[in-house]
Amino acid sequence: MPAEQVSRETKAGRIEGEYDPKFREVYEAFVENFETRDEVGANVSITLEGRTVVDLWGGRKAREGEPWTRDTVSIVFSCTKGAAAICAHMLADRGLLDLDAPVAKYWPEFAQNGKEEATVSMLLDHSVGVPHLRETLKDGAYYDYDHMVDLIAREKAFWEPGTRNGYHGVTFAWTVGEIVHRAGGKRLGAFFRDEVAGPLGLDFWIGLPEEIEPRVAPMIYAVPDPSAPPSKFTQAVMSDPKSIAALFLLNNGGANFNSRECHAAEIGSANGISNGRGLAGLYAPLANGGGKLVSAETLARMGRVAMATHEDATLLIPTRFALGFMKSMDNRKVPNAPSSSVILSDAAFGHVGMGGSIGFADPEARMSFGYNMNRMGMGILLNERGQALVDAAYRSLGYRSNASGAWTV
């Protein structure tokens, strides 16, 4: 059947694009986000067996701003980690990076202060023990790559590497980023541009060129509900300024993620700029056997759970990670933890970005998915807007939600 063409007004502005009629539920969920869930601007894109079956965009770049167009992009925060992890796995696939080797083999300076026995895989699965830095960061620290790499190399491990995990929400940029640099011979942003985004034709940057800046929709930060009970994470931030949660959230050197300076920097955990189309395009090869990125053997390793815990040392919720990617996490029954789930199939892997963006591959379904937006939601993982789109995609494929919450055939 021919694709359905879309041009429709909503409360937030016009929606445009197209979708395969089989995925009409995704279109309906996208419209519902604008009509009842306060979506401002967004793009959702899905590929199936390498073919684009959904590409919808719309709304506005700001609440009272210009329209969100086909080429609008935004910061996708931790979706960047998936891009960085793909680079590491590509190097491993080429025999240039041994994921089971000591980090010291590639980065000798890292092997100090309790990190001497850390392995490369521990950098990827958030168990290496440097989820943040104790030292108060200087103004603009996140924009100074070499400074951050030096601080992390010297940081004392928060725990014995490999013995537990805690989300390395920002430091992943300089742990995985530097291992890609050392093994691949070029910095992460350049490697990703030359080896991934360029060959795949993606609008996706880790270090944004100035000429792309006018296309960026600034992020609209989430406003906490004062009547909502605080989560365990929020309680830790408020009660203990030395907690990992507080250091992760507050010790940021005054980083402004809507600034040109931040967009231009290379923060391989948090400042990637793309859209739903770029995220779906990034994962499309991985949904279809690895494509030209990695071999089938490497792809299988990328999707396996590598670390899981009942309480992540940073996020203070149960988490499940593959090597550099999030796996399905159903925390809907965890008390006072709203928007702390990402519910996919067991085969799927990818990454959520702060505020609710997501990109992932599902090799079993041969589907890739990408969603970005400019109005951030509260919580740690997906909010109802992104999850509604994911749910609609799986229902369109005939999947159903099983007793554990995961999507299954």
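Residues numbered from 1 in each chain as written. Predicted model: local features only at pLDDT ≥ 70, side-chain atom pairs only at ≥ 80, totals over all residues. Heavy atoms only, no water.

Draft legend 1. Structural detail: the packing of helix α2 (residues 79–93) against helix α10 (residues 276–283). Close contact between α2 and α10 brings their axes to 11 Å; oriented N to C, the two are set at 30°. With respect to α10, the element α2 is oriented roughly parallel. The chirality of how α2 crosses α10 is left-handed. Taking contact as the criterion, the partners of Cys-79, Gly-82, Ala-83 and Ile-86 in α2 are, on α10, Leu-279, Leu-282 and Tyr-283. Residues of the contact of α2 with α10, tallied by class, amount to 6 nonpolar, 1 polar and no charged. (Axes fitted to C-alpha atoms, helices over the stretch in contact; angles between N-to-C directions. Helix = DSSP H or I, 4+ residues; strand = E, 2+ residues; numbered from the N terminus. Parallel < 35°, antiparallel > 145°, perpendicular 65-115°, else oblique. Left-handed = near helix turned anticlockwise from the far one by under 90°. Contact = heavy atoms within 4.5 Å. Nonpolar A, V, L, I, M, F, W, Y, C, P; charged D, E, K, R; others polar.)

Draft legend 2. Spotlight on the sheet that holds strand β10 (residues 357–362). A sheet is described by the order of its strands in space; here 7 strands give the open sequence β1-β2-β4-β3-β11-β10-β9, paired in antiparallel fashion. Of all the strands in the sheet, the pair left with one neighbour each is β1 (4–10) and β9 (349–353). Put simply, the sheet's adjacent strands are angled 5° from each other on average, direction ignored. Sheet topology note: the strand β3 (residues 41–48)/strand β11 (residues 367–373) ladder contains 7 bridges and is antiparallel. Within β11, the residue paired with Ala-42 across the bridge is Met-373. Along the sheet face, helix α12 (residues 384–396) touches β3, β10 and β11 and points at about 160° away from the line of β11. (Pairing = 2+ DSSP bridges.)

Draft legend 3. Focus on the environment of Ser-345. Position of Ser-345 among the secondary structure elements: in the loop between β8 (319–321) and β9. Each C-alpha atom of the pair Ser-345 and Ser-401 lies 8.8 Å from the other, and the pair is 56 residues apart in sequence. Every residue in contact with Ser-345, bar those within four places of it in the chain, is listed here: Ser-328, Asp-362, Tyr-394, Tyr-399 and Trp-407.

Draft legend 4. Looking closely at the packing of aromatic side chains. Counted by the stated rule, this structure contains 15 aromatic pairs. Between Phe-360 and Phe-369, the aromatic rings sit 5.2 Å apart at their centres with planes inclined by 15°, giving stacked as the arrangement. Across the pair, Phe-369 and Phe-360 agree in class, each one buried. Through successive ring pairs, a cluster of aromatic residues spans Phe-360, Phe-369, Tyr-394, Tyr-399 and Trp-407. The ring of Trp-159 carries the charged tip of Arg-164 above its face, separated from the ring centre by 5.9 Å. A cation over a ring is seen here: Arg-187 above Tyr-145, with NZ or CZ 3.9 Å from the ring centre. (Phe/Tyr/Trp six-rings, centres within 6.5 Å; stacked < 30°, edge-to-face > 60°. Buried < 20%, exposed > 50% of the residue type's maximum accessible area, 1.4 Å probe, protein only. Lys NZ or Arg CZ within 6 Å of the ring centre and 35° of its normal.)

Just distances and angles here, no functional claims.
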